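If you want the building blocks of each chain, they are given just below.
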Amino acid sequence: MELNLAVGLDIGTTKIVAMIGRKNEYGKVEILGIGKSKSLGVHRGVVNNITQTIQSIQQAAQEAEVAADIKIEDVTVGIAGQHIRSLQHSDYITRSNSETVIDEDDIDRLINQVHKLVMLPGEEIIHVLPQEYKVDGQAEIKEPIGMYGGRLEANFHVVVGQVSSIRNIGRCVKSSGLNLEGITLEPLASANAVLSQEEKEAGVALIDIGGGTTDLAIFRDGIIRHTAVIPFGGNVITEDIKEGCSIIEKQAELLKIKFGSAWPGENKDNEIVSIPGLRGRDPKEITLKNLSKIIHARVVEIVEQVYVEIKNYGHEEQKKKLIAGIVLTGGGSQLKHLKQLVEYITGMDTRIGYPNEHLAGDSDDDVTSPLYATAVGLVLDGLKRQERNKIEQQEQVVNEIETSVEEDIEEKPIKERRSFLDKLTERVKDFLDNAE
């Protein structure tokens with residue numbers, strides 16, 4: 001596949017999306033093709049039927065290939081699911097020689113030490129995200145490289161997930177004939193697509209309401225502070241409508257999308273929808289007021305659970321306040337009056353997030369729908385990873401040339417650290433190769 005092209009594969013509970021994007025000359029991302037299929041083998045973000053998931057992935061990939069007229073090889077996959085949890089952890093290293101300045105290796109040593117944390121059986125650390133550093137007790141240091149000090153410590157945000165779930169996703173991608181280029185946490189991908197840098201600085205909570213899960217990512221001072229995956233999404237709302245109105249799922253989903261509202265006060269008592277009965281039975285009549293009462297009850301539950309997580313992060317403390325409030329994205333964010341309900345429950349400013357932060361100006365309205373936030377984020381992530389690899393390759397070439405010429409005494413540029421996810425991807429790849 002040519003350079004500057006990346007493919008994001010969002011394996012969701014309701015849909016699987018393959019999206020092909022490339023960077024244009026202005027540094028913005030153009031979406032060349034998009035393919036989507038109904039996701040049958042995924043439950044609450046976790047693969048539970050490999051064969052069906054493989055078929056859905058292939059269908060989405062083919063559709064995207066046809067739209068963009070490009071063959072897909074490498075993909076960046078998002079990982080979510082109810083098994084994801086995050087914790088705060090602080091750790092330190094003592095440097096043998098405090099006469100030298102802190103460099104990359106010290107930070108890698110510290111991060112690797114965090115990876116040795118003992119997890120529950122079957123769990124694996126997915127991301128280790130340094131929050132802020134302390135050097136010899138001096139706190140609130142954002143970038144310790146180049147400083148003198150004997151003791152380097154840091155607070156980390158550690159994201160943990162189940163190994164088997166991650167491997168199953170890897171397995172599905174590989175069996176679909178695609179190459180797994182990278183794995184990213186879905187709330188992080190959505191955040192990249194939807195949030196502006198100012199919002200991340202000011203403090204913001206991104207809530208991505210998907211079909212099977214609701215993902216939360218909290219940023220403050222430009223750094224990710226908290227992540228959580230709540231095992232409810234739009235599907236439970238549909239399920240409630242289905243049970244509450246005794247209709248089939250397809251009808252419940254349509255009702256939700258067309259007439260659903262999160263705010264019961266909006267509907268008059270006499271507004272009624274008639275739903276055709278099953279084969280020869282009388283049609284059912286449902287009042288919109290009842291419909292929105294059912295939806296309201298479930299949405300309140302989801303929002304309150306998310307709010308508990310926001311409080312766990314410490315939103316009530318003055319210096320942890322989220323000034324930019326809440327951004328809602330994902331398919332579930334399209335529910336009428338949801339913004340007002342969220343503001344009412346949390347008392348925080350809320351907006352609906354469209355993934356157009358880094359997209360070229362003339363992108364289709366289709367692509368900029370909140371539905372595709374995660375897919376767009378995965379494409380951005382894939383492009384970023386390519387750039388990193390390109391820089392690393394160039395550096396290798398430069399280093400080879402430099403070693404043959406005599407060493408100049410100059411500052412080496414700070415190269416971006418390989419994220420643990422890249423290492424995890426390699427481990428998943430190795431595992432799959434050996435398992436064949």
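Please read these numbers as outputs of a predicted model, since none were measured by experiment.

Draft legend 1. Inspection of the overall build of the protein chain at higher detail. Each helix and strand in the protein chain was counted, giving 11 helices and 18 strands. Structurally, the protein chain occupies a C-alpha span of about 85 × 50 × 45 Å along its principal axes. Expressed as a percentage of its 436 residues, the buried residues of the protein chain come to 50%. Considering only contacts within the protein chain whose residues lie at least 6 apart along the sequence, 68% involve residues at least 24 apart. Per element, the accessible surface of the protein chain, about 21400 Å² overall, is 48% carbon and sulfur. A gap of 7 Å separates the mean positions of the 50 positive and 70 negative side-chain charges of the protein chain.

Draft legend 2. Quick peek at the packing of aromatic side chains. Within the structure shown, the criterion is met by 1 aromatic pair. Ring centres 5.5 Å apart and planes at 85 degrees place the aromatic pair tryptophan 263 and tyrosine 344 in the edge-to-face group. Note that tryptophan 263 is positioned in the loop between helix H7 (249-259) and strand E15 (272-275) and tyrosine 344 in helix H9 (residues 338-346), a separation of 81 residues in sequence. On the accessibility criterion, tyrosine 344 (63% relative accessible area) is exposed. Sitting over the face of the ring of tyrosine 92, arginine 151 holds its NZ or CZ atom 3.8 Å from the ring centroid. Lying over the aromatic face of phenylalanine 219, lysine 200 brings its terminal NZ or CZ to 5.0 Å of the ring centre.

Draft legend 3. Structural view of the pairing of strand E6 (residues 74-79). Within E6, 6 of the 6 residues are buried, which leaves the element mostly enclosed by the surrounding structure. The pairing of strand E1 (residues 5-11) with E6 spans 2 bridges and is parallel. Residue pairing for E6: leucine 9 is matched across the bridge by valine 77. Inspection of the sheet shows E6 paired to strand E11 (residues 179-185) by 6 bridges, in the parallel sense. The residue bridging valine 77 from the neighbouring strand is isoleucine 183, located in E11.

Draft legend 4. Quick peek at the sheet that holds strand E7 (residues 85-94). What the 4 strands build is an open sheet, ordered E7-E10-E8-E9; its pairing is antiparallel. The sheet is open, and its two edges are formed by E7 and strand E9 (138-141), each paired on a single side. Strand after strand, the sheet turns through a mean of 40 degrees between neighbouring axes, direction not considered. When E7 meets strand E10 (residues 151-162), the two strands line up antiparallel, connected through 10 bridges.

Draft legend 5. Local environment of the nonpolar core. Core analysis: the biggest nonpolar cluster contains 61 residues, and Leu9, Ile11 and Val173 have the highest contact counts within it. If we ignore the near neighbours within four places in the chain, the residues touching valine 173 are Leu9, Ile11, Ile57, Val75, Val77, Leu178 and Leu180. Ile237, Ile241, Val299 and Tyr307 belong to the second-largest nonpolar core, a separate cluster that totals 39 residues.

Draft legend 6. Seen up close, the side chain of arginine 95. One can find arginine 95 in the loop between E7 and helix H2 (104-115). Of the residues examined, arginine 95 reaches a relative accessible area of 9% and is grouped as buried. A polar contact is formed between the side chain of arginine 95 and the backbone oxygen of valine 101, at a distance of 3.1 Å. If we skip the residues at most four places from it in the chain, arginine 95 touches Thr100, Val101, Ile102, Asp106, Gly149 and Gly150.

Draft legend 7. Structural detail: the packing of helix H6 (residues 234-245) against helix H8 (residues 288-313). One way to put it is that H6 packs onto H8 with a least axis distance of 9 Å and a crossing angle of 145 degrees. For H6 against H8, the interelement crossing comes out right-handed. In contact with Val236, Ile237, Asp240, Ile241, Gly244 and Cys245 of H6, H8 contributes Leu291, Ile294, Ile295, Arg298, Val299 and Ile302. Tallied by class, residues from the contact of H6 with H8 come to 9 nonpolar, 1 polar and 2 charged.

Cut-offs used in this document
Residues numbered from 1 in each chain as written. Predicted model: local features only at pLDDT ≥ 70, side-chain atom pairs only at ≥ 80, totals over all residues. Heavy atoms only, no water. Helix = DSSP H or I, 4+ residues; strand = E, 2+ residues; numbered from the N terminus. Buried < 20%, exposed > 50% of the residue type's maximum accessible area, 1.4 Å probe, protein only. Contact = heavy atoms within 4.5 Å. Areas by Shrake-Rupley, 256 points an atom, 1.4 Å probe, with all protein chains shown as cover. Lys, Arg positive; Asp, Glu negative; His and termini not counted. Charge placed at Lys NZ, Arg CZ, Asp CG, Glu CD. Phe/Tyr/Trp six-rings, centres within 6.5 Å; stacked < 30°, edge-to-face > 60°. Lys NZ or Arg CZ within 6 Å of the ring centre and 35° of its normal. Pairing = 2+ DSSP bridges. Axes fitted to C-alpha atoms, helices over the stretch in contact; angles between N-to-C directions. Core = buried A, V, L, I, M, F, W, Y, C linked by side-chain atoms within 4.5 Å. Polar contact = N/O pair within 3.5 Å; in protein donor to acceptor, adjacent residues only side chain to side chain. Left-handed = near helix turned anticlockwise from the far one by under 90°. Nonpolar A, V, L, I, M, F, W, Y, C, P; charged D, E, K, R; others polar.

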